[in-house]
Amino acid sequence: MSIEDILELEIPQDYAGLRLDQALAQLLPTHSRNRIQTWILAKRITIDNLNANPKRTVWGGENIKIRMVTYHNETTNIAEPLELNIVYEDQAILIINKPAGMVVHPGNGNWQGTMLNGLLHYSSKLEEVPRAGIVHRLDKNTSGLLVVAKTLEAQTNLVRQLQNRTMKRDYVALVHGHVQFDGQVNAPIGRHPVQRVKMAVNKKGKEARTYYRVKEKINGYTLIQCSLHTGRTHQIRVHMLSIGHPLVGDPTYGTKPKKSSQEIRKLITDFPRQALHAKYLELIHPDTGQKVMWESELPKDFDELLLTLRKAS
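Residues numbered from 1 in each chain as written. Predicted model: local features only at pLDDT ≥ 70, side-chain atom pairs only at ≥ 80, totals over all residues. Heavy atoms only, no water.

## Quick notes on the nonpolar core
- Counting residues in each nonpolar core, the largest one holds 30 residues, and the members touching the most others are Met115, Leu119, Tyr171, Ile224 and Ile236.
- If one sorts the elements of this core by residue count, helix H3 (residues 115-122) sits on top with four residues.
- Here Leu119 is in contact with Leu84, Leu94, Ile96, Leu126, Ala132, Ile134 and Val148, once residues within four sequence places are set aside. (Core = buried A, V, L, I, M, F, W, Y, C linked by side-chain atoms within 4.5 Å. Buried < 20%, exposed > 50% of the residue type's maximum accessible area, 1.4 Å probe, protein only. Helix = DSSP H or I, 4+ residues; strand = E, 2+ residues; numbered from the N terminus. Contact = heavy atoms within 4.5 Å.)

## Examining the pattern of salt bridges
- By the definition in use, this model includes 12 salt bridges.
- One salt bridge in this structure joins Arg165 and Glu207, with 3.3 Å as the shortest N-O distance. With Arg165 in the loop between helix H4 (152-164) and strand E8 (168-176) and Glu207 in the loop between strand E11 (199-201) and strand E12 (209-218), this residue pair connects regions lying 42 residues apart in the sequence.
- For Glu207, a relative accessible area of 35% translates into the label partly exposed.
- Residue Lys168 is joined to Asp170 by a salt bridge in which the shortest nitrogen-to-oxygen separation is 3.5 Å.
- For Lys168, a relative accessible area of 33% corresponds to the partly exposed category.
- Among the residues examined, Asp170 registers a relative accessible area of 5% and is labelled buried.
- Each of the salt bridges in this network shares a partner with another, and the network as a whole consists of Asp139, Arg237 and Asp250. (Salt bridge = Lys/Arg side-chain N within 4 Å of Asp/Glu carboxyl O.)

## Some remarks on the pairing of E8
- Judged by how many residues are buried, E8 sits mostly within the fold: eight of nine residues are covered.
- By the bridge criterion, seven bridges tie E8 to strand E13 (residues 221-228) in an arrangement that is antiparallel. What sits directly across from His176, in E13, is Tyr221. (Pairing = 2+ DSSP bridges.)

## Brief notes about unusual backbone geometry
- In the Ramachandran plot, Lys43 falls in the positive-phi region, its phi being about 60° despite a non-glycine side chain.
- Considering the arrangement of structural elements, one finds Lys43 in the loop between helix H2 (33-41) and strand E2 (45-47).

## Some thoughts on the packing of helix H1 (residues 20-27) against H2
- The interhelical angle for the contact between H1 and H2, taken along N-to-C directions, is 125°, at an axis separation of 9 Å. In terms of orientation, H1 and H2 fall into the oblique class. You can see that H1 and H2 cross each other, and the crossing is right-handed. Facing Leu20, Asp21, Gln22, Leu24 and Ala25 of H1, the residues of H2 in contact are Arg33, Ile36, Gln37 and Ile40.
- The residue makeup of the contact of H1 with H2, split by class, is five nonpolar, two polar and two charged. (Axes fitted to C-alpha atoms, helices over the stretch in contact; angles between N-to-C directions. Parallel < 35°, antiparallel > 145°, perpendicular 65-115°, else oblique. Left-handed = near helix turned anticlockwise from the far one by under 90°. Nonpolar A, V, L, I, M, F, W, Y, C, P; charged D, E, K, R; others polar.)

Here it is in structure tokens:
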């Protein structure tokens, strides 16, 4: 199934000197450059009302019209009546507080029951937006705030904010050991050289930077707040492991509790997921241009872990 939509853009002045396909790849980061070139060759893109050439140089101010076609995989992108904790909604965006255990996007054996499936059931208009408006993801067992775009224009705007690092995302995590000081980890992340399903600090990887602040030290563990400068896969989990403080409960990058009482060891061992929650989200609203922000409480399992750990100490 395919859906056609007309998108109108203006080339920014600071894109002067780029080829048209390069400029559009930056303006439409949710679409591959190959797809954009295909649209140009199929005469789906005009520049100042004339058929476009992918190699044409742009100088800023040109009017672009795109007859976009979005294709849907009917075997995976099935609308399903799933519960979504929507904390905010308007004409352009949704803010969702994702529970631990929910996969954001189909793949890797999780083809149904994902947030994407729930979004398609919640609003049929999201069929017209790539990936049902999903802009960024959280790992399956990470809880917290996500923004979803309800229009193509909003999605493109939000993806550009992620690329320009103007979207602020803060997480709360519980890690092994006492973290002594606030700090940052500035280390590239790429695929693990041997275990390909894992990520690792890798000099051949992509730039990655995580800032962290110590919130509370609790009997051999530390509650920290992390701010992402970049958004790499498993970034907080990999970076904290790299400095000797893996996340509690992390099945991929974690470690067994050490030097603790039997009660605390059992408490930490029994926690069924990485202790990581996306607590704070700040962005520029794609329609109003105003800064907006949301904050969510810790989920029950994480909050009870902290309460029990404090009592045990």
